[in-house]
Amino acid sequence: MAHLHTKLPVCANCYYAFPEGGPDDYCPRCGQQNHDINIGFGHVVEETLEGIFHFDGKVFRTAWLLLFHPGELTKRFLAGHRVPYVPPIRLYIFISFVFFFVLSLRFGHEEKKQEKALTAQQQRQRDQGLRQLDSLQKAGFVPPGVAARVPARATAKPAPKNEPGVGFTIGKTHLGPDEIKRLPAEPTNAQLDSVLRSKGEKSSFWGRLSVRRFIYWRDTTRAEKIHQGLRALSIALFLLLPLAALLLKGVYFRQHRNYVAHLIFTVHLHCFLFLLFLAVLLLGYAPFLEEYSAWLLWLIPVYFVVALHGFYQQSWGKTIGKSLLLGLTYTFTLLFAVVSALAMGFILF
């Protein structure tokens, strides 16, 4: 990214005088960049993006290799060509941030659609009721003016927040919806012990914690539950990176590659998955393209096989066989990571 800075003759930090005709981009004494801070707002935004994500030509070169040359980005990075491309972890953080941000917006969009659909259904029910009232009124069964007292518009009433419809299992016992509803928002240890003993459970730290955390989740809104679920999912996917790299190292142990090489390949693979799912989410906002967005998911196995073949340099037969094995084990590992993250989220968040 090219910058046109106004250079200063003296370092603004340590007052080092730059020699005429010499390098003056950075101060050799303190290391501060040499330019005037009186710049426009657009330049401030540009430098902020560059400072956080190093958002320059690297992004486009990296995206091109990542999307259209599976496995090549990892090969070049491990071969020492690191300056032209975004570092793997920084790339993962940036892409995952954008993905989960759009995903949270998507959940909010779907919730509004459901609310509008509910309102429309209630409006149709109201109109049908008015027609029936009008018929009964003409027949003399209903006094005049009853229909006029019916609201002109139907509004969707949000579901009560503290109305649990399911039970909760502690050990081998089960708390029903009515029992859960009676629990106070901030119960004392004595109240929690009483609940546990009433179900034949021994009073313990984990038992009290389980009931306390369930009360917390009982009293949270749907939006808060979605937020915590997305948070747990992001943690699970991040924890999955070293586990998936370990699977690759086990399958390709004969190549004697360092673990870091498999980890970088895994990071790049997950970055592609985030971009693909991001495209699916964005296509969902276009009604005429939404039904075709699911077809993009077929690119996952194709990309996976091509990336394995390009990076590990084995025959197509071996690559396809190993991709099936890795896909199966990866699926179970993903389920384990998600369940573990949700369990930790239930306890800690």
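Refer to the structure printed above.
The structure contained in this document is the topic of the report that follows. Here the structure is a predicted model, which means the values were calculated and not measured.

Parameters at a glance
- Residues numbered from 1 in each chain as written.
- Predicted model: local features only at pLDDT ≥ 70, side-chain atom pairs only at ≥ 80, totals over all residues.
- Heavy atoms only, no water.
- Helix = DSSP H or I, 4+ residues; strand = E, 2+ residues; numbered from the N terminus.
- Buried < 20%, exposed > 50% of the residue type's maximum accessible area, 1.4 Å probe, protein only.
- Contact = heavy atoms within 4.5 Å.
- Salt bridge = Lys/Arg side-chain N within 4 Å of Asp/Glu carboxyl O.
- Axes fitted to C-alpha atoms, helices over the stretch in contact; angles between N-to-C directions.
- Parallel < 35°, antiparallel > 145°, perpendicular 65-115°, else oblique.
- Left-handed = near helix turned anticlockwise from the far one by under 90°.
- Nonpolar A, V, L, I, M, F, W, Y, C, P; charged D, E, K, R; others polar.
- Expected span 1.5 Å × (residues − 1).
- Arc of directions from axis to C-beta.
- Disulfide = S-S within 2.5 Å.
- Core = buried A, V, L, I, M, F, W, Y, C linked by side-chain atoms within 4.5 Å.

1. Observations concerning the overall build of the protein chain
Within the protein chain, the regular secondary structure consists of 11 helices and two strands. The order of α-helices and β-strands along the protein chain, N terminus first, is α-α-α-α-β-β-α-α-α-α-α-α-α. A total of 349 residues make up the protein chain; the buried ones form 32% of that total. Put simply, 60% of the contacts in the protein chain that link residues at least 6 apart link residues at least 24 apart.

2. Examining the pattern of salt bridges
The tally for this structure, following the rule as stated, stands at five salt bridges. Taking the shortest distance from any N to any O, the salt bridge between lysine 7 and aspartate 24 comes out at 3.5 Å. Of the two residues, lysine 7 is situated in the segment before helix H1 (41–53) and aspartate 24 in the segment before H1; the sequence distance between them amounts to 17 residues. Judged by relative accessible area, lysine 7 falls into the partly exposed class, the value being 34%. Taking the relative accessible area as the measure of exposure, aspartate 24 reaches 24% and is therefore partly exposed. A salt bridge links lysine 7 to aspartate 25, with the nearest nitrogen and oxygen atoms 2.6 Å apart. Residue lysine 7 is located in the segment before H1, and its partner aspartate 25 is located in the segment before H1; the two are separated by 18 residues in the primary sequence. Each of the salt bridges in this network shares a partner with another, and the network as a whole consists of Lys7, Asp24 and Asp25.

3. Considerations on the packing of helix H8 (residues 222–251) against helix H9 (residues 259–283)
At their nearest, the axes of H8 and H9 sit 8 Å apart, and the two run at 130 degrees to each other. For the element pair H8 / H9, the angle class is oblique. Here the hand of the crossing between H8 and H9 comes out right-handed. Contacts from Leu237, Leu240, Leu241, Pro242, Ala244, Ala245, Leu246, Leu248 and Lys249 of H8 reach H9 at Tyr259, His262, Leu263, Phe265, Thr266, Val267, His270 and Phe274. Taken together, the residues that form the contact of H8 with H9 break down as 13 nonpolar, three polar and one charged.

4. Topic: helix H2 (residues 57–68)
Taking 1.5 Å per residue as the helical rise, H2 with its 12 residues ought to reach 16 Å, and the 17 Å between its terminal C-alpha atoms agrees with that figure. Within H2, burial applies to Lys58, Val59, Thr62, Leu65 and Leu66. Viewed along the axis of H2, the buried residues span an arc of 140 degrees, placing them on a single side of the element. Among the exposed residues of H2, those pointing more than 90 degrees away from its buried face are Phe60 and Phe68.

5. Considerations on the state of the cysteines
Tallying each qualifying case throughout the model produces zero disulfides. Lacking any disulfide linkage, cysteine 27 is separated from the closest cysteine sulfur, that of cysteine 14, by 3.5 Å. For cysteine 27, a relative accessible area of 3% gives the class buried. In this model cysteine 30 remains outside any disulfide bridge; the closest cysteine sulfur is found in cysteine 11, 3.7 Å from its own. Its relative accessible area of 34% is what places cysteine 30 among the partly exposed residues.

6. Looking at the nonpolar core
Ranked by size, the top nonpolar core spans 43 residues in total, and within it Leu66 and Leu308 carry the most contacts. Elements with a minimum of two residues in this core: H2, helix H4 (88–138), H8, H9, helix H10 (299–312) and helix H11 (316–348). Ranked by the residues each element gives to this core, the list is headed by H9, at 11 residues. Setting aside residues no more than four positions away along its own chain, leucine 308 makes contact with Leu248, Tyr252, Phe265, Gln313, Thr319, Ser323 and Leu326. Listed in part, the six residues of the second largest apolar core include Leu183, Val195, Leu196 and Ile215.

7. What about the side chain of threonine 333?
Along the chain, the position of threonine 333 falls in helix H11. Those residues within four positions of threonine 333 in sequence are excluded, and the remaining contacts are Leu240, Leu243 and Leu247.

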